[in-house]
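This is what each chain is made of:
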Amino acid sequence: MPGTELFGQEERKEINDVLETGILFRYNHDQQRNGIWKAREFEAEVAKITGARYAHAMSSGSTAIATALAAAGIGTGDEVIVPPFTYIATVEAVFFVGAKPVFAEIDETLCLSADGIRKVLTPNTKGICLVHMCGGMADMDAIMQVVNEHNLILVEDAGQAFAASYKGTYTGLFGKAGSYSFDFFKIATAGEGGVLVTNDEAVYKHADSYSDHGHDHIGTNRGMEQHPILGFNYRISELHAAVGLAQTRRVPHIVAANRKNKQLLTSLLSQTEGISFARLADPDGDSATFLNMFLPDTETAGRVVAEMNAAGVGGFNYWYVNMYHFINQWDHIKEMRTASKLPAQVLGLPQDYANLDLPKTQEVIGRLISFGIRCTWTEEEISTLAAKVSACVQKAMATSTVA
Ligand SMILES: *Cc1c(COP(=O)(O)O)cnc(C)c1O
């Protein structure tokens, strides 16, 4: 969690710039703000790292992905393919723009697979909300082939894959629009925040208006602006943008440190029988926020988790039983418990969410244990962690052989 690991002078300086003027709003007030435009600078920094033509900062990764879907033209009744392993915001966003999530299989990249997508295509499929999970990236060549063959709208939730790339193109920039999260648990944080990226001017203009009550942001008099479309308030504040700016400037350093630390942990763990790793579609584009370890099967993984808990090993996620990231725990979706009626409930659900058949996903997530990489780790800390994990895996594997 580098966002929470590195916080200091640089963040305070950017926040203080805003406090000096007291202009916490990202638009207008040109006279009083004394040249301080933190949201704009934050956006420019994200564009610099990713090469995006347009970057638009917003209140969260959740509002950024919802806006990306809407700006890409996805709306009421559209079927959108989503993964069953993601932060739940992806699925919520599809529902709340009025569309219908259709769950498809992931593979060892931890992301939707082209085969999985093909199996759930129907004449009503409008698009895919692809999620790049755990710092890595989906197999983009294969996925773009399906997207192009079937003329689908691709939107990327790169909430946890900022600064990850595939063959030189950054996540978020393969389809119509993409989004990054800068919440407290990502590679860089704004406290709360998100950034939408796109190379498409029309999509950017829609996103810019959609996220601020439809304003076109032309001129200096907010009250006299035109409203090309209906919108809502998903704005970021200047204070959050100031933190996001300082943090984003740290990202090249964080990625380099993450990669070095992940490489050492990987090489130490790979000597233990029973351990393998998730497939990176492009190892050179890894943002290295997680080391994703596979055990031979779900039963062994469960025993490793029990051993690690008993040994006091922290800093790992066993997503198979995690309430936020895996469909097995999403009872509110299975039972469609909502505060008020959603379009998908009125129009008819595309799948029986309580009885989905996703054997590949169950197998992959059952075997997966992820370690959050820390950019501030020392080599000694990494060696100690690797030794503890290896011992736990060896114990669990021995039990498995006896059984
Ligand atoms: C964190 C995350 C989000 C949500 O971002 P927030 O900023 O917390 O709203 C969405 N999608 C994915 C894949 C995430 O990891």
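The structure presented is a predicted model; accordingly, all values stated were derived computationally and were not measured.

Two side chains carrying opposite charge are able to pair once their charged atoms lie near each other. Under the criterion given, the structure shown has 30 salt bridges. Measuring nitrogen to oxygen at the nearest pair gives 3.1 Å for the salt bridge that ties glutamate 10 to arginine 250. Taken together, the positions of glutamate 10 in helix α2 (residues 9-21) and arginine 250 in helix α9 (residues 238-269) put the pair 240 residues apart, joining distant regions of the chain. Accessibility expressed as a relative area gives 45% for glutamate 10, which makes it partly exposed. Classification of arginine 250 as buried rests on a relative accessible area of 16%. Here glutamate 149 ties to arginine 118 by a salt bridge, and the two come within 2.9 Å at their closest N and O atoms. A residue pair is termed long-range when its members are at least 10 positions apart, and glutamate 149 in helix α7 (residues 140-149) and arginine 118 in helix α6 (residues 114-119) qualify at 31 residues. Using a relative accessible area of 32% as the deciding quantity, one classes arginine 118 as partly exposed.

Mapped onto the fold, alanine 72 is located in the loop between α4 (61-71) and β2 (79-82). Residues alanine 72 and phenylalanine 294, spaced 222 residues apart in sequence, show a C-alpha to C-alpha distance of 36 Å. Setting aside residues no more than four positions away along its own chain, alanine 72 makes contact with Ile153, Val155 and Lys176.

All right, on to the site of the ligand then. The ligand sits among 14 residues. The nearest are Gly61, Ser62, Asp157, Asp183 and Lys186. Here glycine 61 contributes a backbone N or O atom positioned 2.7 Å from an oxygen atom of the ligand. With respect to the ligand, the side chain of aspartate 183 contributes an N or O atom lying 2.6 Å from an oxygen atom. Relative to its free-state accessible area of 380 Å², the ligand is covered by the protein chains to the extent of 95%.

As a further point, take helix α10 (residues 298-310). In this model α10 runs 18 Å from its N-terminal to its C-terminal C-alpha over 13 residues, within 8% of the 18 Å that 1.5 Å per residue would give. For α10, the complete set of buried residues consists of Thr300, Ala301, Val304, Val305 and Met308. One side of α10 carries all its buried residues, which in axial view fall inside an arc of 140°. Of the exposed residues in α10, those oriented more than 90 degrees away from the buried face are Glu299, Asn309 and Ala310. Regarding α10, its N-cap is aspartate 297, as a side-chain oxygen of that residue lies 3.2 Å from the backbone nitrogen of glutamate 299 further along. One or two steps after α10, the chain reaches glycine 312, where phi turns positive at roughly 75°.

A word on the side chain of asparagine 28. Within the element layout of this structure, asparagine 28 appears in the loop between α2 and α3 (38-50). A residue is classified by how much of its surface remains accessible, and asparagine 28, at 10% relative accessible area, is buried. In this structure asparagine 28 touches Arg33, Trp37, Gly219, Thr220, Asn221, Arg222 and Glu225, once residues within four positions along its chain are discounted.

Taken as a whole and judged by the stated rule, the model has 18 aromatic pairs. Between phenylalanine 162 and phenylalanine 182, the aromatic rings sit 5.3 Å apart at their centres with planes inclined by 55°, giving tilted as the arrangement. Of this pair, phenylalanine 162 sits in the loop between β5 (153-157) and β6 (165-166) while phenylalanine 182 is found in the loop between β8 (177-181) and β9 (194-198), placing the two residues 20 residues apart along the sequence. Both residues of the pair, phenylalanine 162 and phenylalanine 182, count as buried. Between phenylalanine 290 and tryptophan 319, the ring centres sit 5.9 Å apart and the planes meet at 70°, which makes this aromatic pair edge-to-face. Note that phenylalanine 290 is positioned in strand β11 (residues 290-294) and tryptophan 319 in the loop between β12 (316-317) and α11 (331-334), a separation of 29 residues in sequence. Following the ring pairs from residue to residue traces out a cluster consisting of Phe42, Phe162, Tyr180 and Phe182. Lying over the aromatic face of tryptophan 37, arginine 33 brings its terminal NZ or CZ to 4.0 Å of the ring centre. For the cation-ring pair, arginine 40 lies above tryptophan 37, with the distance from its terminal atom to the ring centre recorded as 3.7 Å.

Looking now at α4. In terms of burial, α4 is largely enclosed, as nine of its 11 residues are buried. Along α4, the residues that are buried comprise Gly61, Thr63, Ala64, Ile65, Ala66, Thr67, Ala68, Leu69 and Ala71. The opening residue of α4 is serine 60, an N-cap whose side-chain oxygen sits 3.2 Å from the backbone nitrogen of serine 62. Two residues or fewer after α4 comes glycine 73, characterised by a positive phi angle close to 95°.

For the protein, the assigned domains read domain 1 (3-250) and domain 2 (252-322 + 361-402). Counting residues at the interface gives 30 residues for domain 1 and 30 residues for domain 2. Both faces combined, the contact of domain 1 with domain 2 buries some 2300 Å², and carbon together with sulfur accounts for 62% of it. Area buried by domain 1 at its contact with domain 2 is led by Glu5, Glu108 and Ile187, which between them contribute 26% of it. Here aspartate 139 and arginine 279 are joined by a salt bridge, their closest N and O atoms 3.0 Å apart. The interface formed by domain 1 and domain 2 contains 11 residue pairs in polar contact (both at pLDDT 80 or more). For the side of domain 1 that touches domain 2, the elements supplying multiple residues, two or more each, are β6 and α9. Examining the composition of the side of domain 1 that touches domain 2, we find that three residues originate from one element, α9, more than from any other. Of the residues assigned to the side of domain 1 that touches domain 2, the class counts are 15 nonpolar, seven polar and eight charged.

Conventions and cut-offs
- Residues numbered from 1 in each chain as written.
- Predicted model: local features only at pLDDT ≥ 70, side-chain atom pairs only at ≥ 80, totals over all residues.
- Heavy atoms only, no water.
- Salt bridge = Lys/Arg side-chain N within 4 Å of Asp/Glu carboxyl O.
- Helix = DSSP H or I, 4+ residues; strand = E, 2+ residues; numbered from the N terminus.
- Buried < 20%, exposed > 50% of the residue type's maximum accessible area, 1.4 Å probe, protein only.
- Contact = heavy atoms within 4.5 Å.
- Near = heavy atom within 4 Å.
- Polar contact = N/O pair within 3.5 Å; in protein donor to acceptor, adjacent residues only side chain to side chain.
- Areas by Shrake-Rupley, 256 points an atom, 1.4 Å probe, with all protein chains shown as cover.
- Expected span 1.5 Å × (residues − 1).
- Arc of directions from axis to C-beta.
- Phe/Tyr/Trp six-rings, centres within 6.5 Å; stacked < 30°, edge-to-face > 60°.
- Lys NZ or Arg CZ within 6 Å of the ring centre and 35° of its normal.
- Domains from an automatic or database assignment.
- Buried area = accessible area lost by both parts, 1.4 Å probe.
- Nonpolar A, V, L, I, M, F, W, Y, C, P; charged D, E, K, R; others polar.

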